[in-house]
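# Summary of structural features
Residues per chain are reported as follows:
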Amino acid sequence: MTGIRSNRSFALSVLSLALAFSGPAAAQEAAIRIGAVLPVTGKESKIGSAYKQATEFAVKEVNDAGGLDVGGKRMKIDLALLDDTSDASRSEQLVEQLMAQQKVHAVIGGYGSQLVQAQSVVPDRYGIPYVSGGAGATSIYGRSKWVFGVLSPVENLASTQMDFLSDLVAQGKLKKPLKIALLIENTEHGKDFQKGVKDYAKAHPEFSVVLDESFELYAPDFKPLLGRVAAAKADLFMCDAHLEDFISMQRTYTQMGLYHQMVTYGARGADEAGRKALGAATDYIFASGWWSDLLPYPQVKAFTAKWKAAAGSAPQWYHATAYETVRVLFAAIQKAGSLNPEAIRAALAGIELKDSILPGGVLKFTKTGQAVLPFVVTQNKPDGKVDIVWPKEARTGEAVAPMPKG
Amino acid sequence: MQQALDVVVNSFLAAGLYATMAYGLAVIYGVMRIINLAHAGIMMLGAYTTFTLFTHFSIDPFLSIVVVVPLFFAGGVALYRTVVRRLPRSGSTPSMESLLLLFGVWLVLQNLAYVLWSGDTQSILTSYTLKSVSLLGVRVGVPSLGVFGMSALSLLVLEFVLHRTYLGKAIRAVTQNRDAALLSGVDADRISAVAFGVGTAFAGLAGTLLSTLFAFTPDFGRSFLLKAFCIIVLGGLESVTGVAAGAFVLALLENVTAAYTAVPTSLQDALSFTLLVVTLVVLPQGLPGLSRLAHVRRRG
């Protein structure tokens, strides 16, 4: 009996010792659990996969450097990246799963306003910080203090383009007054673009919107709509469209022999797929973007070089925004000095990432949680060349305005 | 006057496109009373097949029709033999099983396309893609003219097959009364297989033609499918000529609305569905019902 008791005591002592020694060791090795839900497959898979690649790249970079400094302790990142198959309801479920079951410390959101909109209702339920790098629709932000977004509002995309056009007027390249034919896709993205253009035109009498129409995504025939554009006799053609609609519409526009002094399709124009589908018909179209590898910042050059070395190709805007999403979250965790969700959230709300690769060079969030950064305006030139034409300080070439005919 | 010409020419061209999308759906529905929900997926596959032939073998999209049509006919017959024929028959109305099955086939095709071609937006740029010609003073895109020509040719071929060959007569017999056709010695199962093959071949052809006009992803075809439903209801569900007429009525309505009214063009789809509802309520047999009514009135 005594033997059994002594054996039990011995076992308990060993267990206590093991626990005593393993405790601090476990704490030292404990990782920061970061969740991410992205559309790796399905209709958003092209950019979703790019977001995955850039997210993993950013995490690997930190882990290879020994992890993050959290309150004096080096901690590595344990990334749980899930595929929502571009399905909004699945996307929401997976964010919930990460927060409720896997107890992640923070979540990196998806790509596409519709998916991010679905995800963005979850963080408030669990009080977990959430940062999205792939949604610019303003309606997503300002409803929850836990939701942050790196993409600037689409409204600003439009107002940046209007600033660029105003500058062309100031330079005497375009003659005022200028009439705008405005077409938008019937989405949140399109409505934000419309608001940006119309608000600007209201405040600047040299511009007037003479046609304001919307169209459904993937419309089968743009001729009736472009007939109205022709009848409006506008000077400028401004449209906000998805890549597929941009290609179809610009083909019809070209076949109909339409001409405007300046043409934009919002963020579309410089895309490789668009230029491949339209050839010379994309020349001189101007577009706004969240990033360009032509930005003349040393940190952009450094990022571009290391991305090329790792991925074997030049980074696109979505690689850069995904990378910065991870970086800003990690900077906030370091600033918080703890893994407490409220501390991370507060750090995100007050953060200023001063070596950001995004336009302006400083990434910070507004009261709604959405970053408001300048956009770059690019203009396509013949033979596949692209120049940054706005802002002035980042110019790589002169804007050609008005566009040459034919 | 020029605006009226614009409207008429553009309506004809759009009708050519719409009719091409709807022929296959009408043939399958007519013979088998099945609404082929996989139609959009087959059109998408047709577009990708054309894209592959263009990028890998430099075959012009319009020439690729000689490969696409037989290939998709064989695929359609195979799909019928392996899957569709196992569906329980439900008389003159489409069964829930057929809707679910073909919806499933659509999802499989979509995912197959994601695996084979990824989700990237693809398109075909030929030497004539951006070219246009003047027709009655209206600038018309060369690909649109090609699509219209192929659509008209398809209508002629279908009409010839349906009215001048034994196969066509058998198809029409099964369309009108399957049981009576069986009693007359028509192999209804074989005819159904051929009809499914023809419908699939036309969907593939539509995909080829659409690829000359639009960029596409594996999700391609969804919006076209809805429009095709409106057209076959308007065209009378079983009549190929009716489909062409239905396509023209819809295209004309869209173009007239855009040219002469202030109705936003974003309401084009709403316009299609309004037309669908009105047709179902006022003229359930579609446009052929209107001509039958006129015929009866003349006689009586």
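Residues numbered from 1 in each chain as written. Chains lettered and ligands numbered in written order. Predicted model: local features only at pLDDT ≥ 70, side-chain atom pairs only at ≥ 80, totals over all residues. Heavy atoms only, no water.

Attention now goes to the overall build of chain B. The number of helices and strands found in chain B is twelve helices and two strands. When the helices and strands of chain B are placed in sequence order, the string is α-α-α-α-β-β-α-α-α-α-α-α-α-α. In terms of overall dimensions, chain B is globule-like: its C-alpha atoms have a radius of gyration of 19 Å, near the 19 Å expected for 300 residues. Counting only C-alpha atoms and orienting by the principal axes, one finds that chain B spans roughly 55 × 55 × 35 Å. The buried share among the 300 residues of chain B stands at 53%. Accessible surface, chain B as shown: approximately 13,200 Å² in total, 69% of it carbon and sulfur. (Helix = DSSP H or I, 4+ residues; strand = E, 2+ residues; numbered from the N terminus. Rg over C-alpha atoms; globule rule 2.2 N^0.38 Å. Buried < 20%, exposed > 50% of the residue type's maximum accessible area, 1.4 Å probe, protein only. Areas by Shrake-Rupley, 256 points an atom, 1.4 Å probe, with all protein chains shown as cover.)

Helix and strand counts for chain A stand at 13 helices and 14 strands. Summarising its shape, the C-alpha atoms of chain A cover approximately 105 × 40 × 40 Å along the three principal directions. For chain A, the proportion of its 406 residues judged to be buried stands at 54%. Partitioning the contacts of chain A with sequence separation of at least 6, the portion at a separation of at least 24 is 66%. In the form shown here, chain A has an accessible surface area of approximately 16,300 Å², with 54% of it arising from carbon and sulfur atoms. Treating the 44 positive side-chain charges of chain A as one cloud and the 41 negative ones as another, the clouds have centres 3 Å apart. (Contact = heavy atoms within 4.5 Å. Lys, Arg positive; Asp, Glu negative; His and termini not counted. Charge placed at Lys NZ, Arg CZ, Asp CG, Glu CD.)

Turning next to the domain arrangement of chain A. All names here are of chain A. In terms of domain boundaries, chain A breaks down into domain 1 (32-152 + 296-350) and domain 2 (155-289 + 376-394). Centre-to-centre separation of domain 1 and domain 2, based on C-alpha positions: 31 Å. Contacts between the two partners involve five residues from domain 1 and, on the opposite side, five residues from domain 2. In total, domain 1 and domain 2 occlude about 500 Å² of area from one another, counting both sides; carbon and sulfur atoms represent 52% of this. Three residues stand out in domain 1 for area buried against domain 2, namely Ala-137, Thr-138 and Pro-296, and they jointly supply 51% of the buried area on that side. (Domains from an automatic or database assignment. Buried area = accessible area lost by both parts, 1.4 Å probe.)

Residues and elements named next belong to chain B. At a minimum axis distance of 7 Å, the contact between helix α3 (residues 65-82) and helix α8 (residues 188-211) shows a crossing angle of 140°. In terms of orientation, α3 lies oblique with respect to α8. Crossing of α3 against α8: the hand is right-handed. A class-by-class count of the residues in the contact of α3 with α8 yields 15 nonpolar, six polar and three charged. (Axes fitted to C-alpha atoms, helices over the stretch in contact; angles between N-to-C directions. Parallel < 35°, antiparallel > 145°, perpendicular 65-115°, else oblique. Left-handed = near helix turned anticlockwise from the far one by under 90°. Nonpolar A, V, L, I, M, F, W, Y, C, P; charged D, E, K, R; others polar.)

This part takes up the side chain of Asn-380 of chain A. Residues and elements named next belong to chain A. Positionally, Asn-380 belongs in strand β13 (residues 376-381). Overall, the relative accessible area of 1% leaves Asn-380 in the buried class. Within the structure, the side chain of Asn-380 is placed 2.7 Å from the backbone oxygen of Gly-269, a separation counted as a polar contact. When neighbours within four sequence positions are excluded, Asn-380 is seen to be in contact with Gly-269, Ala-270, Arg-275, Thr-282, Asp-283, Tyr-284, Ile-285, Lys-385 and Val-386. (Polar contact = N/O pair within 3.5 Å; in protein donor to acceptor, adjacent residues only side chain to side chain.)

Residue and element names in this part refer to chain B. With respect to the element layout, Gly-221 can be found in the loop between α8 and α9 (222-235). Judged by its relative accessible area of 4%, Gly-221 is buried. Here the alpha-carbon distance between Gly-221 and Met-21, two residues 200 residues apart in the chain, equals 9.4 Å. For Gly-221, the residues in contact, after removing those within four places along its chain, are Ala-40 and Met-43.

Here the focus is a nonpolar patch on the surface. All names here are of chain B. A grouping of Val-277, Val-278, Leu-280, Val-281 and Val-282 is seen on the molecular surface, where their side chains present a nonpolar patch of about 470 Å² in accessible area. Looking at where Val-282 falls in the secondary structure, it is placed in helix α11 (residues 268-282). Accessibility expressed as a relative area gives 61% for Val-282, which makes it exposed. (Patch = residues over 30% accessible without salt bridge, like charges linked within 9 Å, V, L, I, M, F, W, Y side chains within 5 Å. Salt bridge = Lys/Arg side-chain N within 4 Å of Asp/Glu carboxyl O.)

If you look at the interface, chain A gives 31 residues, while chain B gives 42 residues. Linking chain A with chain B are zero salt bridges. Between the two partners, chain A and chain B, sit eleven residue pairs in polar contact (both at pLDDT 80 or more). For the side of chain A that touches chain B, the secondary structure elements donating two or more residues are α2 (45-64), β9 (207-215), α8 (223-232), α9 (243-255) and α10 (272-278) of chain A. Top contributing element to the side of chain A that touches chain B by residue count: α9 of chain A, with seven residues. By residue class, the composition of the side of chain A that touches chain B is 13 nonpolar, eight polar and ten charged.

For the rest of this paragraph, the subject is empty space enclosed by the protein. Scanning all chains against the criterion turns up four cavities of 30 Å³ or more. Roughly 210 Å³ of internal volume is contained in the largest cavity. Surrounding the largest cavity, 17 residues form its lining, Asp-221, Lys-223 and Thr-252 of chain A together with Ser-144 and Leu-213 of chain B being those nearest its centre. Elements with a minimum of two residues in the lining of the largest cavity: α9 of chain A together with α1 (2-32) and α5 (142-164) of chain B. (1 Å grid on protein atoms, 1.4 Å probe; cavity = no way out; pocket = protein on both sides within 12 Å on 5 of 7 lines; lining within 4 Å. Points joined across faces, edges and corners; volume = space filled by probe spheres on them.)

What follows deals with the side chain of Thr-321 of chain A. All names here are of chain A. Assignment of secondary structure puts Thr-321 in helix α12 (residues 317-336). Thr-321 gets classed as buried once you look at its relative accessible area, which sits at 1%. Polar contacts involving the side chain of Thr-321 include one to the side chain of Tyr-51, which spans 3.0 Å. Apart from the residues within four sequence positions on either side, Thr-321 is in contact with Tyr-51, Gly-133, Val-150, Leu-151, Trp-290 and Leu-358.

Residue and element names in this part refer to chain A. This prediction gives chain A a mean pLDDT of 90; 93% of its residues lie at or above 70. By mean pLDDT, the top-scoring element of chain A is strand β11 (residues 262-264) (98), and the lowest-scoring one is helix α1 (residues 2-29) (44). Ignoring residues within four places in sequence, the model shows residues 1-7, a span with pLDDT below 50, making zero contacts including any to other chains. Low pLDDT, under 50, characterises residues 9-29; the stretch is placed with one contact to residues that sit more than four places away or in other chains. (pLDDT = per-residue confidence, 0-100.)

Take the pairing of strand β10 (residues 236-240) of chain A next. Residue and element names in this part refer to chain A. The buried fraction of β10 amounts to five of the five residues, a majority that puts the element mostly inside the structure. The side-chain alternation of β10 yields two buried faces, one formed by Leu-236, Met-238 and Asp-240 and the other by Phe-237 and Cys-239. Summarising the sheet, strand β8 (residues 178-185) and β10 pair through five bridges and their orientation is parallel. By the bridge assignment, Ile-180 is partnered in β10 with Leu-236. (Pairing = 2+ DSSP bridges.)

Residues and elements named next belong to chain A. Omega for the bond connecting Lys-176 with Pro-177 falls within 30 degrees of zero, at 0°, which places this linkage in the cis form. Here Pro-177 lies in the loop between α6 (154-170) and β8. Residue Ala-401 is joined to Pro-402 through a cis peptide bond whose omega torsion reads -5°. Even without being glycine, Lys-233 reaches a positive phi, approximately 50°. Here Lys-233 shows up in the loop between α8 and β10. Take Lys-233: its relative accessible area is 62%, and that puts it in the exposed class.

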